[in-house]
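Spelled out from the first residue to the last, the chains are:
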Amino acid sequence: MRLSRYFLPVLKETPAEAQIVSHRLMLRAGMIKQESAGIYAWLPMGYRVLRRIEQIVHEEQQRAGHIPLLMPTLQPADLWQESGRYNAYGPEMLRIRDRHDRDMLYGPTNEEMITDIFRSYVRSYKDLPLTLYHIQWKFRDEIRPRFGVMRGREFLMKDGYNFDLTREDALHAYNRHLVSYLRTYERMGLQAIPMRAESGPIGGDDTHEFLVLAETGESEVFYDSEITDLRFGDREIDYDDVAQCRAVLEEFTSRYARTDDTHDAAVFEAQVPEARRRQARGIEVGQIFYFGTKYSEPMGATVADADGRQVPVHMGSHGIGVSRLLGALIEANHDDAGIIWPEGVTPFHCGIVNLKQGDAATDAACDGLYRGLVAKGLEPLYDDREERAGGKFATMDLIGLPWRITVGPRGLKTGIVELTSRRTGESEELTPELAVARVAEIYAGL
Ligand code: 5CA
């Protein structure tokens, strides 16, 4: 993409309404525009990152054997009356009446609808296990939408639902989700710690939230500092292997880590030596639930078991805050000059800065770099505007591409360009061919 032809409305001033750094940077970097409290338009740069995050979520869900579908944003109220949540959900639910006076709602989550889909088609235990998921916009009329996409009213969520014959099978699905989430967040360059939590309006007894530690986080958390040393890494996992998935759950959840809803000071003190006790704040980027037959029983989602008896299926639901992740990623990756995207989610792989636009040699070298990067399957952003070098650097730093190649007449005289890491600020002088090869190598494993 050439910046002169792109739509990147960066702001010079710091927007006064934004209280936290990720919100400020998303507005300044031209990623989002507020249309109403807690409702945002995703401008091209923000939309690119959103799509990248979605892509990682899709890949990791499907790797775990979960099947994508797409349910609508608008739902009939009838389904929620069956589960008893239509009245229980309260003012967070946006209720709508259509022209035929039918009660509808903008879905805050999809347990009822997926249960309805399941009961419409599935009859036998032989069709289990089954996990269906989608990535779809949700609406919750939050009393205090704030911090930009972090607590929106309209937000993008991945929500997945497992259907199993027994409690044990459903607990395996729970563990499988936990493993897939660890992989998902790590691929984005984030550490998200599973913590014991409250289930709230979704229901059920077993639930973990995934928290990214950050001072601006809305949740108060208590944990054993040893937990921050755990990494899933690139270990192989067989998602059908019950013992293997359970072992990962045990490894990541045996140490004390709880949100304030479930925190118990006495247990904390008994289990964790004082030097390892931590109290901090975190951003909740996902939550997994096991709730058994809470929806399948009232809604009649049953299957015939091996003896021909009709039994309600055991279910759980599992969410990832896809749009909130942009905020969490920026909270965890920025400096005074702007965003620092991890390679896994960056909107463009590499920036190209032409220090002397209109100079035949620098223009030709930039075009060559651009073609070279594209030939390697990468997406560069070429700043080809007639602007001062300082302005170009400031824009690149603000939007946070992890790598930048700078091309100027002085370097070109000796056949050299400069490759700079946004994170460390370190530069290397290389030939254009080697610079392309280096950038391609960096992204090769991602
Ligand atoms: N049905 C279940 C799981 S599929 C569910 O709705 N879970 S949830 O309520 O925990 O939401 C899942 C994730 O969505 C949360 O962990 C959080 O990351 C994100 N989320 C929830 N509310 C908002 C909001 N108002 N703005 C942005 N993200 C949100």
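Here the structure is a predicted model, which means the values were calculated and not measured. (Residues numbered from 1 in each chain as written. Predicted model: local features only at pLDDT ≥ 70, side-chain atom pairs only at ≥ 80, totals over all residues. Heavy atoms only, no water.)

**Topic: the packing of aromatic side chains**
Link 1 in the chain: Enumeration according to the criterion identifies 12 aromatic pairs in this entry.
Link 2 in the chain: Centre to centre, the rings of Trp 80 and Tyr 89 are 5.6 Å apart; their planes meet at 80°, and the pair counts as edge-to-face.
Link 3 in the chain: Using a relative accessible area of 10% as the deciding quantity, one classes Tyr 89 as buried.
Link 4 in the chain: Ring geometry for Tyr 185 versus Phe 210: centroids 5.6 Å apart, planes at 40°, classification tilted. Of this pair, Tyr 185 sits in helix 6 (residues 167-187) while Phe 210 sits in strand 10 (residues 206-213), placing them 25 residues apart in sequence. (Phe/Tyr/Trp six-rings, centres within 6.5 Å; stacked < 30°, edge-to-face > 60°. Buried < 20%, exposed > 50% of the residue type's maximum accessible area, 1.4 Å probe, protein only. Helix = DSSP H or I, 4+ residues; strand = E, 2+ residues; numbered from the N terminus.)

**Here we look at unusual backbone geometry**
Link 1 in the chain: The omega torsion across Leu 128 and Pro 129 is 0°, close enough to zero to call that bond cis.
Link 2 in the chain: With respect to the helices and strands, Pro 129 occurs in the loop between helix 5 (111-121) and strand 7 (130-139).
Link 3 in the chain: Positive phi, close to 60°, is recorded for Phe 147, a residue that is not glycine.

**Regarding the nonpolar core**
Link 1 in the chain: Met 31, Ile 53, Tyr 185, Phe 210 and Val 285 are the most contacted members of the largest nonpolar core, which has 76 residues in total.
Link 2 in the chain: Considering each element in turn, this core owes the most residues, 7 residues, to helix 6.
Link 3 in the chain: Built from parts of two domains, this core gets at least three residues from each of domain 1 (3-339) and domain 2 (350-444).
Link 4 in the chain: Residues contacting Ile 53, with those up to four places away along its chain left out, are Met 188, Val 322, Leu 325, Leu 326, Leu 329 and Val 345.
Link 5 in the chain: Listed in part, the 27 residues of the second largest apolar core include Trp 80, Met 113, Leu 132 and Val 313. (Core = buried A, V, L, I, M, F, W, Y, C linked by side-chain atoms within 4.5 Å. Domains from an automatic or database assignment. Contact = heavy atoms within 4.5 Å.)

**Observations concerning helix 7 (residues 242-253)**
Residues separated by three or four positions in an α-helix point in the same direction, a consequence of the helix having 3.6 residues per turn.
Link 1 in the chain: End to end, helix 7 covers 16 Å across 12 residues, agreeing with the expected 16 Å (1.5 Å per residue, within 8%).
Link 2 in the chain: Buried within helix 7 are the following residues: Cys 245, Val 248, Leu 249 and Phe 252. Seen from one end, helix 7 has its buried residues packed into an arc of 100°, which puts them on one side.
Link 3 in the chain: Turning to helix 7, the residues buried within the fold contact helix 6 and strand 9 (193-196).
Link 4 in the chain: One side-chain oxygen of the residue at the start of helix 7 lies 3.2 Å from the amide nitrogen of Ala 243, identifying that residue as Asp 241. (Expected span 1.5 Å × (residues − 1). Arc of directions from axis to C-beta. Polar contact = N/O pair within 3.5 Å; in protein donor to acceptor, adjacent residues only side chain to side chain.)

**Here's the deal with the domain arrangement of the protein**
Link 1 in the chain: The domain architecture assigned to the protein consists of domain 1 (3-339) and domain 2 (350-444).
Link 2 in the chain: With centres defined by C-alpha atoms, the gap from domain 1 to domain 2 works out at 37 Å.
Link 3 in the chain: On the domain 2 side, the residues contacting the 16 residues of domain 1 number 13 residues.
Link 4 in the chain: Summed over both partners, the interface of domain 1 with domain 2 buries about 1,200 Å², with 56% contributed by carbon and sulfur atoms. (Buried area = accessible area lost by both parts, 1.4 Å probe.)

**Structural notes on the site of the ligand**
Link 1 in the chain: For the ligand, the set of nearby residues contains 22 residues, the closest of which are Thr 109, Glu 111, Arg 140, Glu 142 and Glu 284.
Link 2 in the chain: Within the contact set of the ligand, an oxygen atom lies 2.8 Å away from a side-chain nitrogen or oxygen of Arg 140.
Link 3 in the chain: For the ligand, whose accessible area on its own is 600 Å², the fraction buried by protein is 96%.
Link 4 in the chain: Elements represented by at least two residues in the shell around the ligand include exactly strand 8 (154-164), strand 13 (277-292) and strand 16 (314-321).
Link 5 in the chain: Per element, the largest residue contribution to the shell around the ligand is 5 residues, and it comes from strand 13.
Link 6 in the chain: Looking at the shell around the ligand residue by residue, the class counts come to 7 nonpolar, 8 polar and 7 charged. (Near = heavy atom within 4 Å. Areas by Shrake-Rupley, 256 points an atom, 1.4 Å probe, with all protein chains shown as cover. Nonpolar A, V, L, I, M, F, W, Y, C, P; charged D, E, K, R; others polar.)

**Here we look at the side chain of Glu 54**
Link 1 in the chain: Turning to its location among the elements, Glu 54 is positioned in helix 2 (residues 44-63).
Link 2 in the chain: Its relative accessible area of 11% is what places Glu 54 among the buried residues.
Link 3 in the chain: In this structure Glu 54 touches Ile 135, Leu 156 and Val 322, once residues within four positions along its chain are discounted.

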